[in-house]
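The primary structure of each chain is shown beneath.
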Amino acid sequence: MRIGVYPGSFDPATLGHLDIIRRASKLFDKLIVAAMVNGEKRSSFTMEEKVDFLKRMTCDLPNVEVESFSGLLADYVKEKQACAIVKGLRAVSDFEYEFQMALANKKLNADVDTVFLMTEQKYLFLSSTIVRDIARHGGDITGFVSEEIRDDIMNKLDQAK
């Protein structure tokens, strides 16, 4: 069985993330979407909220599982017996960082490869940071996030003002 892992902070998950998930799910028998604890970032959403959002967004994809993890990605991938890490790219600047991470992960786990998927052109500008900014200022995030989670994001970030 070919297993892929798509890691991210997903704070919150966007339609760009969903685009990568949908396309990656066609490449693997099982795709694990792994919400990571990132100690360098202060999250706007709890891990439970992130996992819930991702599960609701991907409920129509039978070969997609959503989990959370902390620690080294290379160790997590080995534990899950995955053959690949999936990373989405928007711009050349994304590639530079992700290429370094791919090399580090390969050094830590020689059995794993990193698969890079370019996001669809209509999502090139989209990031979780942009979604949070728009939502915190009362803007409409329709078209940036999945309908299933839009109101939850707005409610949470509106309360945070």
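None of these values were measured; they are calculated from a predicted model.

Comments concerning helix α4 (residues 92–108)
For α4, spanning 17 residues, the distance from its first C-alpha to its last is 24 Å, which sits close to the expected 24 Å at 1.5 Å a residue. Listed as buried for α4 are Asp94, Glu98, Ala102 and Asn105. End-on view of α4: buried residues confined to an arc of 65 degrees, all on one side of the axis. Along α4, the residues that are exposed and aim more than 90 degrees away from the buried face are Val92, Ser93, Glu96, Gln100 and Lys107. On its buried face, α4 is in contact with α3 (73–79), β4 (84–89) and β5 (113–118).

Describing the pairing of β5
With six bridges connecting them, β4 and β5 associate as parallel partners. Each bridged residue has a counterpart across the sheet, and for Ala84 the counterpart in β5 is Asp113. Note that the unit made of β4, α4 and β5 has a crossover that is right-handed.

Overview of the pattern of salt bridges
For the structure on display, the rule yields 14 salt bridges. Measuring nitrogen to oxygen at the nearest pair gives 3.0 Å for the salt bridge that ties Arg56 to Asp52. Of the two residues, Arg56 and Asp52 are both situated in helix α2 (residues 47–57); the distance of four residues between them amounts to about one turn of the helix. For the salt bridge of Glu67 with Lys80, the shortest nitrogen-to-oxygen distance reads 3.1 Å.

Here's the deal with the nonpolar core
If you look at the biggest cluster of nonpolar residues, it comprises 35 residues, and the most contacted ones within it are Leu31, Val33 and Ile153. At the level of secondary structure, the elements contributing two or more residues to this core comprise α1 (15–25), β2 (30–36), α2, β3 (64–69), β4, α5 (128–136) and α6 (147–159). Excluding residues that lie within four positions of it along the chain, Leu31 makes contacts with Gly4, Val5, Tyr6, Ile21, Ala24, Ser25, Asn63, Val64, Glu65 and Val86. Of all hydrophobic cores here, the second largest spans eleven residues; its members include Ile3, Ala34, Phe69 and Tyr76.

How each quantity is defined
Residues numbered from 1 in each chain as written. Predicted model: local features only at pLDDT ≥ 70, side-chain atom pairs only at ≥ 80, totals over all residues. Heavy atoms only, no water. Helix = DSSP H or I, 4+ residues; strand = E, 2+ residues; numbered from the N terminus. Expected span 1.5 Å × (residues − 1). Buried < 20%, exposed > 50% of the residue type's maximum accessible area, 1.4 Å probe, protein only. Arc of directions from axis to C-beta. Contact = heavy atoms within 4.5 Å. Pairing = 2+ DSSP bridges. Right-handed = clockwise from strand over helix to strand, strands pointing away. Salt bridge = Lys/Arg side-chain N within 4 Å of Asp/Glu carboxyl O. Core = buried A, V, L, I, M, F, W, Y, C linked by side-chain atoms within 4.5 Å.

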